[in-house]
Structures are given as C-alpha cells and as structure tokens.
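Structural features, examined
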Amino acid sequence: MLRMGRLIIEKGDGRKMSDSIEVSVICITYNQIDYIEKALLNIVTQKTNFRFEVIVHDDASTDGTADVVRSFAKQYPDLIIPILQEENQYSKKVKITTSLLPRLKGKYFAFCEGDDYWYDEYKLQKQFDAMEANPNCSLCVHKTQNINEDGSMYPSIQGEFIGLKEGILNTETICKLFLKKPTTIFHTSSYFIRLSMFRDIYLSSPEFTKYATGGDQSMLRVCMTQGEYYYLDDIMTCYRRFAKGSINSSQRNADKAYWKQYYSKYAASNIEFDKFSNYRFHDYIRGWIGINIMNLGKYDTVETKNLLKEYDIRLKDLFISHEFKYYIKYVLIRYCPHLCSLLYKSKKS
C-alpha cells in the first residue's frame, strides 16, 4: 500500500498499513509566507507504505504564514499537527527542536525548515528502507541541491564529496568529511534520525550543544557517537540560500566581531564534544577546530592568530587533514598575519 498525502492505495496483496506512526516530520517556520506552501505540499505528497505525522511549528509569524499552516492542517488533518505560537519562542531563547522532540510518535524523525523543500516524492520511503535494513545506523542522509532565494538553481550541492559512495559511513569516514567541511557536512533537510539513538541524549542538553553555532552541528555529533550514518547518493531536497529572515541571509553582512565570536563558539563546542565523546575523535576534532578557525582569516588575520593560540592549535594538529594548503595557511597566519591580510585583500580585489 502506498500513501500519497491523504490518499491511500492498497497493493494487490491486500496488506493494510499499520496504525502506528513510523516517521515524525518536524517543520519549523517563521515569516516564510513566500516559501511555506511549497515546503508543506512536498511533505504531504510523500509516497510511503507507512504512516507519518507532520508537526508544523509556526513561531508567531506576522506575515500570514500561520494562515497557510492552518489551511494545510484543515486539508490534511490526519497528517499535520499545527503548533501556532502566540509569542515568538526563539526570542525567548527556546530551542524549538528540543521542545518538539517529546511530542514525536515516530520511530524516526525527519526535518524540513519552512524555506527549504523536499525534491524527491520518495525521500521518506528511501530513507526509511535504508534505516530498517541497517539497525546500527543512527542517521540517514543524502545530497541537497542549493538554490537561490527566488528558487533558481545555484551551482553547488551539499553532501557531495569526491569518492563518497552510497552505503554505510563509519565514524572514521565521517570524521574525514568534517575535515573537508568542518561546520556541517550534510544539510538538515536530509536528516532522517533514529529517535531511540538520539532523543534522550539530545534532551539531556550535553555541554557541547550549548556552544554550538547551529543545531545541525549538534545533531550530527550526537548521531556519530551513537551509530554509523547511511548515505544515499541522491539529491532529494533543496536548500534556499539567503532566504528572507534566515540566519544565512543575516550572515551575509556580518562584521568581523560576529565571525570571531562564531568561530570561537565553534571551537568551544568541539572541545566540549571531545570530552563528551571520551576523546574518541580527538585528533580529528583538533583538525576541525584549526581548519575552521582559519576561516576567520578572511575577516581578521590578527584575531585568527589569537584564536589559534587561545585554543592551542598547533601545526601538527592539521597534519591529519593531509592538505598542504592548510599547513601554509597556518604558518602565514601564525607568523606573518599582516602579510596574510594583504594577500586576502589582494585576492578580493
């Protein structure tokens, strides 16, 4: 039997769908009137042979987004559970995903923010099948197409790495991917998480999650301590870059003070994660921190040098990356920060 939104089609063998909800979908939205309809439509029209629920959290939108959510909830009452806040929770420092986790009924949960959308109508089914076949996996991920704010194609794909093949990603492979992209290696719209390996740990608010620069980083790190990842070599979701009101959009004009704090928080979070994971990934984590801090060099090479010293990042910490460019960059920033700054300026011009 195949489920398409509310429409249920029985297979020829007459099997009926289980009454239990197998997958919970979290959709978080705030003032996304231009995007939310597409996001929700592509969720409710997923084709699956299992039941799923969609929890839509609107954080007191003022632009009519909540009205769209109400309309979908009325049209799909067996799928959508609307949570319509009267006061903005984010401004009160409430962690929305954390607040929603206890409500989830599924064995797994998937994620989609209101300005992104799912591209493949079989996304949930493919990820469900992969996780059912691989009980040691805590997370299933896939590739995500970047698009511009207006929906036009942007020429890059998240989660695409040279040589990465579909199948199980062990922790060493995951650690190596983080060396290539220290902040997050897969987009949140691709996450399909086994709740039994995630919920209790995440709800306990480990120290490293308090410093994280994004919830996606915390989710990926919790999952990698609990099991392997399963990677599907498909593009199944779209990430809208610089959408109105997004963090990504606000970062476009951020100053060097913002970025210094950002990279410092990243370092602090991963030092705490090192402790949380009993130093299981220690050498890799030192590499992640060093590579990420050096990104501050685009804004302020002197402060980059100071942060490298503050977190005691040494040249040997970068050897695990096997990337000569990082060694050169480190030496220039540590010992010739002003020259390095001139090089950055000349590159920009």
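Here goes a summary of the coordinates provided. (Residues numbered from 1 in each chain as written. Predicted model: local features only at pLDDT ≥ 70, side-chain atom pairs only at ≥ 80, totals over all residues. Heavy atoms only, no water.)

**A closer look at the overall build of the chain**
Convention followed: A run of H or I in DSSP counts as a helix once it spans at least four residues, and a run of E counts as a strand once it spans at least two, with each numbered from the N terminus. Note that the radius of gyration is over C-alpha atoms, with the globule rule given as 2.2 Å times the number of residues to the power 0.38. Each residue is placed in one exposure class: buried if its accessible area under a 1.4 Å probe, protein chains only, is under 20% of its type's maximum, exposed if it is over 50%, and partly exposed if it falls in between. It only takes one pair of heavy atoms within 4.5 Å for two residues to be counted as in contact.
Looking only at helices and strands, one finds 14 helices and 13 strands in the chain. For the chain, whose C-alpha radius of gyration is 21 Å, the value lies close to the compact-globule estimate of 20 Å for 349 residues. Seen along its three principal axes, the alpha-carbon backbone of the chain occupies a region of about 70 × 45 × 35 Å. For the chain, the residues scored as buried account for 54% of the 349 residues in total. For the chain, contacts bridging at least 24 residues in sequence account for 78% of all contacts bridging at least 6.

**Concerning the pattern of salt bridges**
Applicable threshold: Whenever a carboxyl oxygen of Asp or Glu lies within 4 Å of a side-chain nitrogen of Lys or Arg, that contact is scored as a salt bridge.
Applying the stated criterion across every chain, the model contains 16 salt bridges. Measuring nitrogen to oxygen at the nearest pair gives 2.8 Å for the salt bridge that ties E303 to K260. Highlighted residues: E303 in helix α12 (residues 301-310) and K260 in helix α10 (residues 256-276), separated in sequence by 43 residues. Residue K260 is classed as partly exposed on the basis of its relative accessible area of 32%. Between E272 and K275 there is a salt bridge, with its nearest N and O atoms 3.4 Å apart. Here E272 and its partner K275 are both found in helix α10, three residues apart, which amounts to about one turn of the helix. Through salt bridges with shared partners, a single ionic network connects D120, K126 and D234.

**Points about the environment of D200**
Here D200 lies in helix α6 (residues 199-203). With a relative accessible area of 67%, D200 lands in the exposed category. Considering only alpha carbons, one finds D200 and P102, 98 residues apart in sequence, at a separation of 9.3 Å.

**Observations concerning the pairing of strand β7 (residues 108-113)**
What counts, and what does not: Think of it this way: DSSP has to see at least two bridges between two strands before they count as a pair.
Burial of β7 is extensive: five of the six residues sit out of reach of the surface. Where strand β3 (residues 21-29) and β7 come together, six bridges link them in parallel fashion. The partner of I26 across the bridge, within β7, is F111. Two strands pair when backbone bridges link them, and β7 and strand β12 (residues 192-194) are joined in this way by three bridges, in the antiparallel orientation. Looking at β12, one finds that F109 is bridged to I193.

**Thoughts on unusual backbone geometry**
Despite not being glycine, A60 shows a phi value in the positive range, around 60°. If you trace the backbone, A60 turns up in the loop between β5 (51-58) and α2 (65-75). If you check the backbone angles, H322 has positive phi at about 55° while not being a glycine. Secondary-structure assignment places H322 in the loop between α12 and α13 (324-335).

**Points about the pairing of strand β10 (residues 153-158)**
Two strands pair when backbone bridges link them, and strand β9 (residues 137-147) and β10 are joined in this way by three bridges, in the antiparallel orientation. Of the residues in β10, the one forming a bridge with T144 is Q158. Taken together, β9 and the strand that follows it, β10, pair antiparallel across an intervening segment of five residues, in which G151 is found at a positive phi of about 95°.

**So, the packing of aromatic side chains**
We count it as follows: Note on aromatic contacts: the rings of Phe and Tyr and the six-membered ring of Trp form a pair at centre separations within 6.5 Å, being stacked when their planes are under 30 degrees apart, edge-to-face when over 60 apart, and tilted otherwise. A positively charged side chain is recorded as over a ring if its NZ (Lys) or CZ (Arg) lies within 6 Å of the ring centre. The angle to the ring normal must also be within 35 degrees.
Inspection of every chain in the model, using the stated rule, returns 21 aromatic pairs. Both rings, one in F186 and one in Y231, keep their centres 5.8 Å apart while their planes meet at 40°; by these two values the pair is tilted. One end of the pair, F186, is in the loop between α5 (171-180) and β12; the other, Y231, is in strand β13 (residues 228-240), with 45 residues separating them in the sequence. With respect to burial, F186 and Y231 carry one shared label: buried. The rings of Y258, W259, Y262, Y263 and Y299 are connected pair by pair, giving a single aromatic cluster. Over the aromatic face of Y335 sits the side chain of R334, whose NZ or CZ is 5.9 Å from the ring centroid.

**Looking at helix α8 (residues 215-226)**
So the rule is basically this: By definition here, a helix of n residues has an expected span of 1.5 Å times n minus one.
Between its first and last C-alpha, α8 extends 17 Å over twelve residues, near the 16 Å set by a 1.5 Å rise per residue. With nine of its twelve residues buried, α8 lies for the most part within the structure. Among the residues making up α8, those that are buried are Q217, S218, M219, L220, R221, V222, C223, M224 and T225.

**A few points about a nonpolar patch on the surface**
For clarity, the threshold we go by: Like-charged residues within 9 Å of one another, or nonpolar side chains (Val, Leu, Ile, Met, Phe, Trp, Tyr) within 5 Å, are grouped into patches, provided each residue has over 30% relative accessible area and no salt bridge. Per-residue and other accessible areas were derived by the Shrake-Rupley procedure at a 1.4 Å probe size, with only the shown protein chains allowed to occlude residues.
A contiguous nonpolar surface patch, about 280 Å² in accessible area, is contributed by L339, L342 and L343. Within the secondary structure, L342 sits in helix α14 (residues 337-348). Looking at L342, the relative accessible area reads 54%, which means it is exposed.

On their own, these measurements won't tell you what the molecule is for.
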